[in-house]
Amino acid sequence: MRVWKFGDDIDTDAIIPGRFLTIYDPAELAKHAFEGTRDEFAKEAREGDVVVGGTNFGCGSSREHAPLALLGAGVKAVVAKSFARIFYRNAVNTGLLPLVCPEADSIRDGATVAVDLAGGYIEADGKRLPIEPVPGFMKEIVDAGGLVAYAKNLKEVKRCSTE
Amino acid sequence: MAATIAEKIFSMKCGRSVRAGDVVMAPVDAAMIHDITGPLAVRVFGEMGGERVFDPERIIMLFDHQVPADSIPAAENHVFMRQFAREQEIHNYDLLEGVCHQIVMEKGRAAPGEIIVGTDSHTCTYGAAGAFATGIGSTDMGFVLKFGALYFRVPESILLEVEGKFGRRVGAKDLILSLAGDIGADGATYMALEFTGRAIEKMNMAGRMTCANMAIEMGAKAGIVRPDAATWDYVGARRDIEPFDLAGDADAAYRERRHYDVTDLAPQVAVPHNVDNVVDVTKVAGTKVDQVFIGSCTNGRYEDLFEAAEVMGSADRFADGVRVIVIPASRTEYLKALRAGLIERFVEAGALVEAPCCGPCMGGAFGLLAPGEVSLSTSNRNFRGRQGSTQAQVYLSSPATAAASALYGEITDPREV
Ligand code: SF4
């Protein structure tokens, strides 16, 4: 499992360009992931690969096609120094793990990587880097495997309740 | 206890004091879905076991990104959404009215103190009406369609106090671009921007919408303009509502207070490929452009078209070799411009005037750029590939700067025209 390294401010237009937004199937979207930005990604990404970014990963549009395209490519986790708000939530909701790692910059492209969620770290090229825990109310959704699974058996929600 | 506007809105909705950092399952006053992100939300609603939406009257549906349908899949999406609207008895504006954010505002579907979500990142536009409005993804929207509520982390707020008087042909778009440059593309992530000060008070609703619209370009969750007489006039003309006071308290716990003065602000341009890559127009004047786009939810209102026409003055042609695409943000704004003779001016000068929709801003419908082409656009994003080829360059500016540049075929300071 390898690392696909990107820089700061990777926007959702780069992850999946606007002209593919009529597609909703993750496998189909994956064929166009990073098209025009990093064309080899769609061809070479493998199950379990990890995308690594800098700050503000996933800024821009609210399109959920972005996490879906990464999921379709087999990516289960995105590691970044920080995430744009909507992308972070969309990722959690769709079952893609957004992992905040202050030392993400030190990870090199092509590094061999493994994620240990329970241990709270990722291991890149044999080096362990701490990742921050997912905030409380999002944790339940992560554990359920996404918001659909979480909400499926929910009959009602208590308005104005706190987490 | 002193509170910011965002804190007050969540407190009002929940009938108790709610503060930044609290996570609440807040009720939603309105939910907007459109043709691109709506179909997925509807599907997710079904997968969540949703049968009836929480309240059809609170759902705003319309098509604007790919209209009229530019492909068979787009047409199929429209059919799918129409079907859902019929089944659920949701009023569907369909493709008749224009760009989502303009429609929510002009139909009076947003008001001070409301919590509004939309499956579009620029939903923050309704902060111009004093609402807490934020963009969400389709899965969150599926949840909202089912339950009418969503978990929100109440954000900290940055208070922006904007004083001074704009110079000639400088305005709201120049201000918000300069703020993006100053605060940075992620400088307000997870936070709300609260706009106050004399320059904002004197700004018309069109300008306030331009400002609130681009809060997301600094990562903000919402951009809220403190409601005043202008807000209540605008909202009151569209629905029955009693004005009330909704201001941030002077001693509220703002994360930060920033002061600006617009008096000496020059026209601003965001240069490729980030919205916070902002310079004075003089720094890029002379850059050749292939396409000029005047429109979008940021700058497609009558006031924007008027601003562009004013800069055109008596000029009767745009520069040779420049494609000028003008798209009013809504049917209402189109008609206003038409009746004022602006549309005729643009067409005579050589512009393509399209029916209300997102157009080139969406980067998937039409008006796409070839590799190597340069575009100046009044929209809100210049990301690489946003308007076509990843090898194209997109600059962002005000309608005045766009019109001046269309006249000369190169980026031009509107004050010099
Ligand atoms: S005009 Fe552009 S920014 Fe506005 S809703 Fe349409 S695509 Fe989004």
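Rules used throughout
Residues numbered from 1 in each chain as written. Chains lettered and ligands numbered in written order. Predicted model: local features only at pLDDT ≥ 70, side-chain atom pairs only at ≥ 80, totals over all residues. Heavy atoms only, no water. Helix = DSSP H or I, 4+ residues; strand = E, 2+ residues; numbered from the N terminus. Rg over C-alpha atoms; globule rule 2.2 N^0.38 Å. Buried < 20%, exposed > 50% of the residue type's maximum accessible area, 1.4 Å probe, protein only. Contact = heavy atoms within 4.5 Å. Areas by Shrake-Rupley, 256 points an atom, 1.4 Å probe, with all protein chains shown as cover. Lys, Arg positive; Asp, Glu negative; His and termini not counted. Charge placed at Lys NZ, Arg CZ, Asp CG, Glu CD. Axes fitted to C-alpha atoms, helices over the stretch in contact; angles between N-to-C directions. Parallel < 35°, antiparallel > 145°, perpendicular 65-115°, else oblique. Left-handed = near helix turned anticlockwise from the far one by under 90°. Near = heavy atom within 4 Å. Nonpolar A, V, L, I, M, F, W, Y, C, P; charged D, E, K, R; others polar. Buried area = accessible area lost by both parts, 1.4 Å probe. Salt bridge = Lys/Arg side-chain N within 4 Å of Asp/Glu carboxyl O.

**Student:** Looking at this model, I keep getting lost on the overall build of chain A. Mind explaining?
**Tutor:** A count of helices and strands for chain A gives 7 helices and 7 strands. Its helices and strands taken in sequence order, chain A reads β-α-α-α-β-α-β-α-β-β-β-β-α-α from the N to the C terminus. Its C-alpha radius of gyration of 15 Å places chain A within 12% of the 15 Å reference for a compact globule of 163 residues. When the backbone C-alpha atoms are referred to their principal axes, chain A occupies close to 45 × 40 × 25 Å. The buried share of chain A, reckoned over its 163 residues, is 56%. For chain A, restricting intrachain contacts to residue pairs at least 6 apart in sequence, the fraction spanning at least 24 positions comes to 66%. When the accessible surface of chain A is totalled, it reaches about 6,500 Å², and 52% of it is carbon and sulfur. Counting 20 positive and 24 negative side-chain charges, chain A places the centres of these two groups 3 Å from one another.

**Student:** Any chance you could explain the overall build of chain B here in plain terms?
**Tutor:** Helix and strand content of chain B: 15 helices and 17 strands. Its C-alpha atoms give chain B principal-axis dimensions of about 60 × 55 × 40 Å. Taken over 417 residues, chain B has a buried fraction of 66%. Taking the contacts inside chain B whose residues are at least 6 apart along the sequence as the reference set, 75% of them involve residues at least 24 apart. Across chain B, the centroid of the 40 positively charged side chains sits 1 Å from that of the 55 negatively charged ones.

**Student:** Please explain the packing of helix α4 (residues 65-72) of chain A against helix α5 (residues 85-94) of chain A as it appears in this structure.
**Tutor:** Pairs of packed helices are described in terms of their axes, by the angle between the two and the distance that separates them. Residues and elements named next belong to chain A. Following both chains from N to C, one finds α4 and α5 inclined at 50°, their axes separated by 9 Å at the closest point. By the angle between their axes, α4 is oblique relative to α5. The chirality of how α4 crosses α5 is right-handed. When α4 is examined against α5, the residues A66, P67, L68, L70 and L71 are found in contact with a partner set consisting of F87, N90, A91 and T94.

**Student:** Whenever I open this one, the site of the ligand confuses me. Can you help?
**Tutor:** Taken together, 13 residues lie around the ligand, and B:H122, B:C297, B:C358, B:C361 and B:N380 are the ones closest in. Taken together, the residues of the shell around the ligand sort by class into 6 nonpolar, 5 polar and 2 charged.

**Student:** How do you make sense of the environment of B:D182 when you look at a structure like this?
**Tutor:** Residue and element names in this part refer to chain B. Among the secondary structure elements, D182 is positioned in helix α6 (residues 172-183). Note on D182: relative accessible area 41%, which makes it partly exposed. For the pair formed by D182 and M218, sequence separation is 36 residues and the distance between their alpha carbons is 9.5 Å. For D182, the contacting residues outside a window of four places in its chain are R258 and Y260.

**Student:** How should the packing of helix α12 (residues 302-312) of chain B against helix α15 (residues 399-408) of chain B be read in this particular structure?
**Tutor:** All names here are of chain B. Their axes nearest at 8 Å, the elements α12 and α15 cross at an angle of 40°. Comparing the axis directions of α12 and α15 gives the class oblique. In the crossing of α12 with α15, the sense of the turn from one axis to the other is right-handed. Along its contact with α12, which presents D304, E307, A308, V311 and M312, the element α15 presents P399, A400, A403, A404 and L407.

**Student:** Can you help me understand the interface of chain B and chain A in this one?
**Tutor:** Often, the extent of an interface is quoted as the loss of accessible area upon association of its parts. Across the boundary between the two partners, chain B contributes 58 residues, which contact 46 residues of chain A. Sorting the residues of chain B by area buried against chain A places B:V23, B:F147 and B:Y151 first, and these three jointly supply 15% of that buried surface. Seen at the junction of chain B and chain A, the total is 2 salt bridges. We note a salt bridge from A:R89 to B:D140, for which the minimum N-O separation is 2.9 Å. The element contributing the most residues to the side of chain B that touches chain A is helix α5 (residues 138-147) of chain B, with 6 residues. Classifying every residue of the side of chain B that touches chain A gives 26 nonpolar, 19 polar and 13 charged.

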